[in-house]
Each structure stands twice: as structure tokens, then as C-alpha cells.
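Now for the letters of each chain:
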Amino acid sequence: MRIQQLHYIIKIVETGSMNEAAKQLYITQPSLSNAVRDLEREMGIEIFNRNPKGITLTQDGVEFLSYARQVVEQTELLEERYKGTDRDRELFSVSSQHYAFVVNAFVSLLKKIDMTRYELFLRETRTYEIIDDVKNFRSEIGVLFLNNYNRDVLTKMFDDNHLTYTTLFQARPHIFISKTNPLASKTSIKMEDLEAFPYLSYEQGTHNSFYFSEEIMSQMPRKQSIVVSDRATLFNLLIGLDGYTVATGIMNSNLNGDNILAIPLEVDETIDIIYIKHEKSNLSKMGERFIDYLLKEVQFDKD
């Protein structure tokens, strides 16, 4: 299998025509057809259904296309990194659940470095994607949480994917609500206090098992539930709908303002905030500094 053949498959799908793909690739149609058939024989699958009206992807072809695009994308990143004009720039990437304190730590780090020397990525993403990013070296560090409910499942995934984890700190569960919420004056909140309010959580895509949830006790039934994909939307709904979410309670008003409150939740639970890395890699100097800023951010909030 050659990278060129993967480009061929992607181009055929983009154009929807073997003839048009051949024209855009500047090769003959028979040469393109032979290259595709050679790839199909090598892989032991049929990638395309062929009929007089044109070609369509088979079920195997749909899956193969997904992998092909990933390989081509990674190849292009390699070429950009080592052949491009920015080859002297260092890469640093973090994948995280939707934690404001991670963003704050990232900001603190960037303020202290020459950003022209680095290619920087901060991905607020789903739990499964965090693990996948670190597994495949797309991110040096992944930040997420463990508790008694998800610990066995996630730590097995870490072991299976050659990842190690380190506990950063422990937190007690808190409720995030707006300062205008009827519960805002309470010093602590019980689960029964929340029954009349919409519960907000982050969607996890196809990996939507409760074990991948970013919120503890996500498996509990709620009368009103709204799933969102980003932190800004969640915060807007906390304010606009008097919604709530369950979180760590760590929040710095310097970046997040004073509209959201963190109030302790009266449950017998703890949350371990951890970072994961690949067992075959050591933290870079940037990675070590980021972890330091992360711990300082949490301490700043407590102070």
C-alpha cells in the first residue's frame, strides 16, 4: 500500500467519478482503475461498488476511507513539520475535558514563552478523544477525571493503550450555577434541591457511555437534561435557563467572570483530576511547566 493510492481513493470520493478523479490527478483512467484494484486485492476488500451509473463506497470502503484520511492527514502534518519553513518550531499540545482551569493554566504558560518558537494546540474535547490523542501522540498531555464509578474502565483503557496517569489534585463535587439562580444563596446544595432545574452535560459522541461522561453521577435519571458540545454554550444555558452542571468547583473569575458560582454538593464523593501521557514519552520542558501552572491555578483558586 502506498500513500499515493490513498490520495487516489480520497480524490475519487471527492469527485464521485473515476474519470474526473483521473483528470484532476493527471493520470489516465485505466491507470487509476488498476491502482484501485491493486489496493483492493492487497487489502482483501472491495472499496467501491461499480455500476453503469457510477461508483459508490462499499461498507468496507466507508471504513477504509476514514482510515485513509487519517493517514494522509498525519503524513501532511509530518511533511509540514519537517519540510516546511516552520521546522524549527517546537510542538506542544494538550487535550482536556472542559475545564476552565486548564485554559487558565495554558494562558499563563503562553504569557511566559516566545510563542513564535512553538506550534501550540489546546483541544477541549471528549473523553475518548483525549485518550486517543495521547495514545497517538497528537497531544503530549491529557487532562480528565477519575472517580469510583469510572476508574476501573478508564484505567484499563490506559493500560491497553500504553498510557500512564498521575493525580494532580482531589476535589469535592460542586454545582455550577448562575448567580441569578434561585439556589445561589445556598452554602451547599443537596441533589433533591436540583430536581426543578435543567441538568447540563457535555456530549460524548458515539462513545456516550456513562463511563466517559465528564460529570460525576451522570448515570442518575433527571427530569430535565440538556447535552451541549462546548463550554461557552453550557455557561450561557446556566445563565439563561437556570441550569446546573456538576464539576470540580475550581474556577478563576479572572477569565470566567463573576456570573457563575460554584457551590458544594452534599454527596459522599471525590473527584481525582489526573493527567495522562504515553508511557514511551517523557514530559517536555513545556509539559512540565504546564503542569506547574496547572497546579498553581488550582492553588490560586483555593486561596
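Scroll up to find the structure.
As the structure is a prediction and not an experimental result, all values here were calculated from the model.

Novice: What am I meant to see in the nonpolar core here?
Specialist: Side chains of a nonpolar character, in soluble globular proteins, are inclined to be buried together. Phe101, Ile141, Val143, Leu265, Ile273 and Phe290 are the most contacted members of the largest nonpolar core, which totals 44 residues. Breaking this core down by element, the ones donating at least two residues are strand 3 (90-96), helix 5 (100-111), strand 5 (141-146), strand 6 (163-171), strand 7 (174-178), strand 12 (271-278) and helix 10 (285-302). Not counting the four nearest positions on each side in its chain, Ile141 is found in contact with Phe92, Ser93, Val94, Ser95, Val134, Tyr275, Ile276, Leu283, Gly287, Phe290 and Ile291. Counting residues in each nonpolar core, the second largest holds 19 residues, with Tyr8, Phe48, Phe64 and Val72 among its members.

Novice: In this structure, what is going on with the packing of helix 2 (residues 18-25) against helix 3 (residues 29-43)? I would like to understand it.
Specialist: When two helices pack together, you describe them by how their axes are tilted relative to each other and by the distance separating the axes. For the pair helix 2 and helix 3, interaxial distance at closest approach is 9 Å and the crossing angle is 105°. With respect to each other, helix 2 and helix 3 are oriented roughly perpendicular. From helix 2, Met18, Asn19, Ala21, Ala22 and Leu25 reach across to helix 3, where they touch Gln29, Leu32 and Ser33. Grouping the amino acids of the contact of helix 2 with helix 3 by side-chain chemistry returns five nonpolar, three polar and no charged.

Novice: Just to check I follow, could you spell out the sheet that holds strand 10 (residues 245-247) for this structure?
Specialist: The pairing of strands in a sheet comes from backbone hydrogen bonds and takes either a parallel or an antiparallel form. Reading across the sheet, the three strands line up as 10-7-11 and stay open at both edges, with antiparallel pairing between neighbours. The two strands at the open ends of the sheet, each matched to only one other strand, are strand 10 and strand 11 (260-264). Sheet twist, expressed as the average angle between the axes of neighbouring strands with direction ignored, equals 40°. Pairing geometry for strand 7 and strand 10, over three bridges, is antiparallel. Looking at the pairing, His174 lines up with Ala247 of strand 10.

Novice: I tried to follow the pattern of salt bridges on my own but got confused; where do I start?
Specialist: It is possible for side chains bearing opposite charge to pair when their charged atoms get close. Enumeration according to the criterion identifies nine salt bridges in this entry. In this structure, Asp38 engages Arg41 in a salt bridge whose closest nitrogen and oxygen atoms are separated by 2.4 Å. In this pair, Asp38 and Arg41 are both assigned in helix 3, three residues apart and thus about one turn of the helix distant. Shared partners join several salt bridges into a network, and the residues in it are Asp132, Asp133 and Arg138.

Reading guide: rules and limits
- Residues numbered from 1 in each chain as written.
- Predicted model: local features only at pLDDT ≥ 70, side-chain atom pairs only at ≥ 80, totals over all residues.
- Heavy atoms only, no water.
- Core = buried A, V, L, I, M, F, W, Y, C linked by side-chain atoms within 4.5 Å.
- Buried < 20%, exposed > 50% of the residue type's maximum accessible area, 1.4 Å probe, protein only.
- Helix = DSSP H or I, 4+ residues; strand = E, 2+ residues; numbered from the N terminus.
- Contact = heavy atoms within 4.5 Å.
- Axes fitted to C-alpha atoms, helices over the stretch in contact; angles between N-to-C directions.
- Parallel < 35°, antiparallel > 145°, perpendicular 65-115°, else oblique.
- Nonpolar A, V, L, I, M, F, W, Y, C, P; charged D, E, K, R; others polar.
- Pairing = 2+ DSSP bridges.
- Salt bridge = Lys/Arg side-chain N within 4 Å of Asp/Glu carboxyl O.

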